[in-house]
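Secondary and tertiary structure notes
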Amino acid sequence: MKAVKVKENIYWVGAVDWDVRNFHGYLTQRGATYNAYLVIDDKITLIDTVKAGFEDEILSRVESVVPLDKVDYIIVNHIEKDHSGAFPKVREACPNATVVCDAKAQEGLKAHYHKDYEAQLVKSGDTLKTGKYEFTFVQTPMVHWPDSMVTYLAAEKTLFPNDAFGQHFASSKRFDKEVPKDLLMYEASKYYANIVLPFGKQVQKALQALGGLEIDTICPSHGFILQDRIPDFLDAYQRWSTNTTKEKAVVVYDSMWHATEKMAKAVYTAFENKGIEVKAMSLKENHISDIMAEVLEAKYIAVGSPTLNSGMMPSVASFLCYMKGLNPQNRVGIPFGSYGWSGQSPNLIKETMEAMKWEVLDQMDTMRLVYEPTKEQLNAITETVENFVK
Ligand code: FEO
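Residues numbered from 1 in each chain as written. Predicted model: local features only at pLDDT ≥ 70, side-chain atom pairs only at ≥ 80, totals over all residues. Heavy atoms only, no water.

This paragraph deals with the overall build of the chain. Scanning the chain from terminus to terminus reveals 13 helices and 24 strands. Based on the C-alpha atoms only, the size of the chain along its principal axes is roughly 75 × 40 × 35 Å. Going through the 390 residues of the chain one by one, you find that 58% of them count as buried. In the chain, the share of contacts with a sequence separation of at least 24, taken over all contacts with a separation of at least 6, comes to 73%. Surface accessibility of the chain: about 16,100 Å² in total, with carbon and sulfur atoms responsible for 50%. In the chain, 43 side chains carry a positive charge and 51 a negative one; their mean positions are 1 Å apart. (Helix = DSSP H or I, 4+ residues; strand = E, 2+ residues; numbered from the N terminus. Buried < 20%, exposed > 50% of the residue type's maximum accessible area, 1.4 Å probe, protein only. Contact = heavy atoms within 4.5 Å. Areas by Shrake-Rupley, 256 points an atom, 1.4 Å probe, with all protein chains shown as cover. Lys, Arg positive; Asp, Glu negative; His and termini not counted. Charge placed at Lys NZ, Arg CZ, Asp CG, Glu CD.)

The next subject is the packing of aromatic side chains. Counted by the stated rule, this structure contains 9 aromatic pairs. When the ring of Phe271 is compared with that of Tyr300, the centres are 5.2 Å apart and the planes differ by 45°; the resulting orientation is tilted. Here the residue Phe271 occupies a position in helix H8 (residues 259-274), and Tyr300 occupies one in strand E19 (residues 298-304), the gap between them amounting to 29 residues. Owing to a relative accessible area of 4%, Tyr300 belongs among the buried residues under this scheme. Site record: aromatic cluster; members linked through ring pairs are Phe165, Tyr192, Tyr237 and Trp240. Of note, Lys177 hangs over the ring of Phe175, and the distance from its end group to the ring centre comes to 5.3 Å. (Phe/Tyr/Trp six-rings, centres within 6.5 Å; stacked < 30°, edge-to-face > 60°. Lys NZ or Arg CZ within 6 Å of the ring centre and 35° of its normal.)

A few words now on the sheet that holds strand E7 (residues 37-39). The strand order across the open sheet formed by 7 strands is E1-E2-E7-E8-E9-E10-E11, and the pairing between neighbours is mixed. The open sheet is flanked by strand E1 (4-7) and strand E11 (120-121), the only strands paired with a single partner. Relative to strand E8 (residues 44-47), E7 is paired through 3 bridges, and the arrangement is antiparallel. Note on E8: the bridge partner recorded for Tyr37 is Ile47. (Pairing = 2+ DSSP bridges.)

Taken together, the 5 strands give an open sheet; going across it, the order is E12-E13-E14-E15-E16, and neighbouring strands pair in mixed fashion. The two strands at the open ends of the sheet, each matched to only one other strand, are strand E12 (127-129) and strand E16 (217-220). Ignoring which end each strand starts from, the neighbouring axes of this sheet average 20° apart. Here E12 runs beside strand E13 (residues 134-139); their pairing, made up of 3 bridges, is antiparallel. Paired with Thr127 across the strands is Thr136, a residue of E13. (Axes fitted to C-alpha atoms, helices over the stretch in contact; angles between N-to-C directions.)

Contact pair H8 / helix H13 (residues 375-389): the axes reach a minimum separation of 8 Å and the direction vectors enclose 45°. Considered as vectors, H8 and H13 are oriented oblique to each other. Crossing of H8 over H13 shows right-handed handedness. For the pair H8 and H13, contact is made by Lys262, Met263, Ala266, Val267, Thr269, Ala270, Phe271, Asn273 and Lys274 and by Leu378, Ile381, Thr382, Val385, Glu386 and Val389, respectively. Of the residues that constitute the contact of H8 with H13, the class distribution is 9 nonpolar, 3 polar and 3 charged. (Parallel < 35°, antiparallel > 145°, perpendicular 65-115°, else oblique. Left-handed = near helix turned anticlockwise from the far one by under 90°. Nonpolar A, V, L, I, M, F, W, Y, C, P; charged D, E, K, R; others polar.)

On the secondary structure map, His168 appears in the loop between strand E15 (158-162) and helix H5 (181-196). We classify His168 as buried; its relative accessible area is 1%. Those residues in contact with His168 that lie beyond four places of it in its chain are Phe23, Tyr26, Thr28, Arg30, Gly31, Ala32, Glu187, Tyr191 and His222.

Quick look at a nonpolar patch on the surface now. On the surface, a cluster of nonpolar side chains totalling about 410 Å² of accessible area is made up of Trp341, Val370 and Tyr371. By the element assignment, Trp341 lies in the loop between strand E22 (332-339) and helix H11 (345-355). (Patch = residues over 30% accessible without salt bridge, like charges linked within 9 Å, V, L, I, M, F, W, Y side chains within 5 Å. Salt bridge = Lys/Arg side-chain N within 4 Å of Asp/Glu carboxyl O.)

Next up on the list: empty space enclosed by the protein. Under the criterion given, the structure shown has 4 cavities of 30 Å³ or more. Here the largest cavity is characterised by a volume of approximately 80 Å³. Every residue along the wall of the largest cavity is listed here: Thr140, Val143, Val150, Pro161, Ala164, Phe165, Val203, Ala206, Leu207, Leu210 and Tyr237. Of the residues forming the lining of the largest cavity, the biggest block, 4 residues, is contributed by helix H6 (residues 200-210). Residues of the lining of the largest cavity, tallied by class, amount to 10 nonpolar, 1 polar and no charged. (1 Å grid on protein atoms, 1.4 Å probe; cavity = no way out; pocket = protein on both sides within 12 Å on 5 of 7 lines; lining within 4 Å. Points joined across faces, edges and corners; volume = space filled by probe spheres on them.)

Moving on, we come to unusual backbone geometry. One non-glycine residue, His114, lies in positive phi territory at about 50°. Here His114 is to be found in the loop between helix H4 (103-113) and E11. When its relative accessible area of 68% is taken as the criterion, His114 is described as exposed. Phi angles above zero are rare outside glycine, and Asn330 is one such case at about 60°. Within the element layout of this structure, Asn330 appears in the loop between helix H10 (314-326) and E22.

Another aspect to go through is the nonpolar core. Residues Leu46 and Phe319 are the most contacted members of the largest nonpolar core, which totals 90 residues. Among the elements that make up this core, the one with the highest residue count is H5 (8 residues). Setting aside anything within four residues of it in sequence, one finds Leu46 in contact with Val13, Ala36, Tyr37, Leu38, Ile58, Val62, Val71, Tyr73, Ile74, Ile75 and Val90. Membership of the second largest hydrophobic core comes to 23 residues, among which are Val251, Tyr300, Val332 and Ile381. (Core = buried A, V, L, I, M, F, W, Y, C linked by side-chain atoms within 4.5 Å.)

Fair warning: the whole summary comes from geometry, so function is off the table for now.
This is the structure:
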């Protein structure tokens, strides 16, 4: 397999995973890529590796440019296994390379692979000279793990930010201009919502650290290389990392005998009546990671569940657990649900929303109903939600 030229001395040497459909719980319907880059100078530098199982792919792409024993440095920006899984074999295959990473990454490599890897340890502001080029490192802890850092090549105005600015997207194309903008931004938003959302403060710090840099190319570790869409990504990361929402509602629910579903439609109608963009997402039909993509910029999140065995339906509990971990902030919550005799579910949903410090509609006499809702009760739900939104 061949490398793809990004710029005169920069090559993409990553792997395309056409088959992956579940990335630790996140549905990747379009597959994924694990990007690595080779920079040619007096000294030759490999930036990141790929997931285990793709060793032959990365090594053959590197070898299409230079023999493996000519690689002088392997920069490890991040040790999560989608980037470091192939590291042990790549390290062995490039015997003359010096590993460059931060101290957390070195510890992490040892904990993952039970081997002491010698490394040239770097921290924010440190540089690596390879001839005419000088790389600068900026540690970006928790974007995505404690070890994460980004590498900047000023002479080429190119940033290698690893997980930041990624999208899960398998393709034979490599550049942002080769994919429709809407599709690219949707996959970027889904990626942010499911991977990066809990780390908004750290993203803000990273954006500030990168703010003064001249950048015309961003080479992320997943998806397309950014050249034409950099301002769109910077704007989006600014919004997403500050939990900036818009007038949009997502109504998420499951139902046993359609009663909670009818309540969901009554909630939906309230937003429709108010002219607010709204999506109804049944947990029977929608994956939690696709729902999170819609939650990302939605101000109003309604969640409904019938009461099952004194609790929520497992599908709703799973969604709430997942969403709570991702920690969307500055939201307005609307819990609801039908029940037969004990009726705990809407209160459990409310407690989860309150634990996330959301403003929550607390009107259980209207939003928690026994068995089948009447037309009047459904109208009352719509009116209550309309008034609450007002
Ligand atoms: Fe793409 Fe945090 O790994």
